[in-house]
Structures are given as structure tokens and as C-alpha cells.
Amino acid sequence: MKNRKRALLLAGCAAALVASLIAAAPAPAAPAAPTAPAAPAAPKLASVHGGGTVSYPYVPKEHAIRFTVDADAAPWSRPFPAPGGEQGMPVDARGKVTVYHAMPEAGFTGVAEAEVDCMVTGGRTATITAVVTSSNVGWEGKRIGISVQDGERGGPDRVGFSWGIANVDVKPDGSVSEPRVGTCMAPAPFTEVTKGGFKVTPAPLAPRPH
């Protein structure tokens, strides 16, 4: 009898312990409401900003040639009338390029301002083209090509340009002409910047819009 009472007492204690544990346990969490997918991050865009005087060995030492560049990528923003050109190109860009060439012995500085139409980057180098909108040397309507290299590890910045040593077409009859510069076409950055500098922000080509 005594053993039976002890068994009943232990069973009662165990039941009370289980009941208290159940009461103390947190209620099951309600299922989380579905969340809307995060908006895709805006694509990184390329740019080139700065200005610099360059060393150019084919003019007198007293001359000074300087470039300023403010160019930002604007992909797929310049449609053109050709199959596949309805949305423009991934290398479309906007901004301004200015070229100065000071000639002290003549008391004259040639100036050309141009509207950027194309830019492509690779690492710390960018190639830019721009169409001249105003000048005092008769360049209006001419597309010019500029390449810029942002110097690294203490090296100088560099610039290349599509006239002077490049862009000459020798025809079969021996005559020579200067072809029109195509979009984003420029020679390698062959001159060193001696004063000033440029900041190149590279970016991959933008995906084709839907």
C-alpha cells in the first residue's frame, strides 16, 4: 500500500512538472510573411574627370598643350538610324572636352570645345570621343579622340589624341587624307601629363536594356 501511494505521488509530481514546462514554453512563431525581392542595385557607371598639361615633343618647348575632360557614361542614350541602333550603344556618354594649345611666339592660343559622345574604360584607361562645338581653329563639327590613363604606383597620368601622330590614311594613289574619327576611337595614351591629372572611374559595359 505504501509503495502504491509512493508511485501515485511520483506520477503526480511528474505530470505537474510536464504541465509547468508546457506552460512555460514559448508559443510557436507565426510563419513569416513573404518579403518583396530587393530592387537590383543601380549599375556602376564609368567617368573621367580632370585636366592636365602634356609633354609633346613635336612642338617648340614654349608651347603648352592642355586638356580638360568631364565625361560620364550614359549607356543606351544615343539612338542612331541603323539596324540595332534604336537604343544607342552601351558606350554612349555625355560631357565636355576642351583642348588648349598656347603658342607664345604667335601670341595665340588655339581652343576647341567638344561634346562627348562615347566613352569606354578598361582598368585605369579610358577612350573618349567628342564632337567639336566651338573653336577658333576651324574644327567645328570634327570628332576628336582622347585616351586617358590614370597613373598608378607613382607613375604619371598619360594622354593620347587622334591628331598629330595618328589617323592618317595613305590612299593607293599616294594621296594622304585625315579620316573622320569613329566613336570611341583614339590612340594609346602616348604623352605624359606634366601638370595636373585625371581620375578614371572604370565600369563594365552596361547590359542591353529590355
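Residues numbered from 1 in each chain as written. Predicted model: local features only at pLDDT ≥ 70, side-chain atom pairs only at ≥ 80, totals over all residues. Heavy atoms only, no water.

1. Observations concerning the overall build of the protein chain
Broken down by element type, the protein chain carries 1 helix and 10 strands. When its helices and strands are written in sequence order, the protein chain yields α-β-β-β-β-β-β-β-β-β-β. In the protein chain, which comprises 210 residues, the proportion classed as buried is 32%. A separation threshold of at least 6 residues defines the contact pool for the protein chain, and within that pool the share at least 24 residues apart is 56%. Per element, the accessible surface of the protein chain, about 13100 Å² overall, is 61% carbon and sulfur. (Helix = DSSP H or I, 4+ residues; strand = E, 2+ residues; numbered from the N terminus. Buried < 20%, exposed > 50% of the residue type's maximum accessible area, 1.4 Å probe, protein only. Contact = heavy atoms within 4.5 Å. Areas by Shrake-Rupley, 256 points an atom, 1.4 Å probe, with all protein chains shown as cover.)

2. What to know about empty space enclosed by the protein
Scanning all chains against the criterion turns up 1 cavity of 30 Å³ or more. Estimated volume of the largest cavity: approximately 120 Å³. Around the largest cavity sit 15 residues that line it, and Ala46, Ala73, Pro90, Ala203 and Pro204 are the ones nearest its centre. Top element by residues in the lining of the largest cavity is strand S4 (residues 108–122). It accounts for 3 residues. The residue makeup of the lining of the largest cavity, split by class, is 12 nonpolar, 1 polar and 2 charged. (1 Å grid on protein atoms, 1.4 Å probe; cavity = no way out; pocket = protein on both sides within 12 Å on 5 of 7 lines; lining within 4 Å. Points joined across faces, edges and corners; volume = space filled by probe spheres on them. Nonpolar A, V, L, I, M, F, W, Y, C, P; charged D, E, K, R; others polar.)

3. Observations regarding the layout of surface pockets
The calculated volume of the largest pocket comes to roughly 210 Å³. As for the largest pocket, its lining consists of 14 residues, of which Val99, His101, Gly110, Trp139 and Trp163 are closest to the centre. Elements represented by at least two residues in the lining of the largest pocket include exactly strand S2 (64–73), strand S3 (93–103) and S4. Lining the second largest pocket are Thr53, Val54, Ser55, Tyr56, Pro57, Val59, Pro60, Lys61, His63, Ala64, Ile65 and Thr194. For the lining of the second largest pocket, the secondary-structure elements that each account for two or more residues are strand S1 (47–54) and S2. Residue composition of the lining of the second largest pocket, by class: 7 nonpolar, 4 polar and 1 charged.

4. A word on the state of the cysteines
Evaluation of the coordinates by the stated rule reveals 1 disulfide. Note on cysteine connectivity: Cys118 is disulfide-linked to Cys184, with sulfurs 2.0 Å apart. Between Cys118 and Cys184, the S-S dihedral sits near -100°, and the bridge is therefore left-handed. Highlighted residues: Cys118 in strand S4 and Cys184 in the loop between strand S9 (176–177) and strand S10 (191–201), separated in sequence by 66 residues. (Disulfide = S-S within 2.5 Å.)

5. Some remarks on the pairing of S1
Two faces, one strand: in a regular strand the side chains alternate between the faces of the sheet. Here S1 lies mainly inside the structure; 6 of its 8 residues are buried. In this structure, S1 lies alongside S2, joined through 8 bridges in antiparallel fashion. Across the sheet, Gly51 pairs through a bridge with Thr68, a residue of S2. As paired elements, S1 and S10 share 8 bridges and run antiparallel to each other. Residue pairing for S10: Thr53 is matched across the bridge by Lys195. (Pairing = 2+ DSSP bridges.)

6. Quick look at the environment of Gly52
Structurally, Gly52 is set in strand S1. Gly52 sits 106 residues away from Arg158 along the chain, and the two C-alpha atoms are 9.1 Å apart. Ignoring sequence-local partners within four residues, the contact set of Gly52 consists of Ile65, Arg66, Phe67, Val193, Lys195, Gly196, Gly197 and Phe198.

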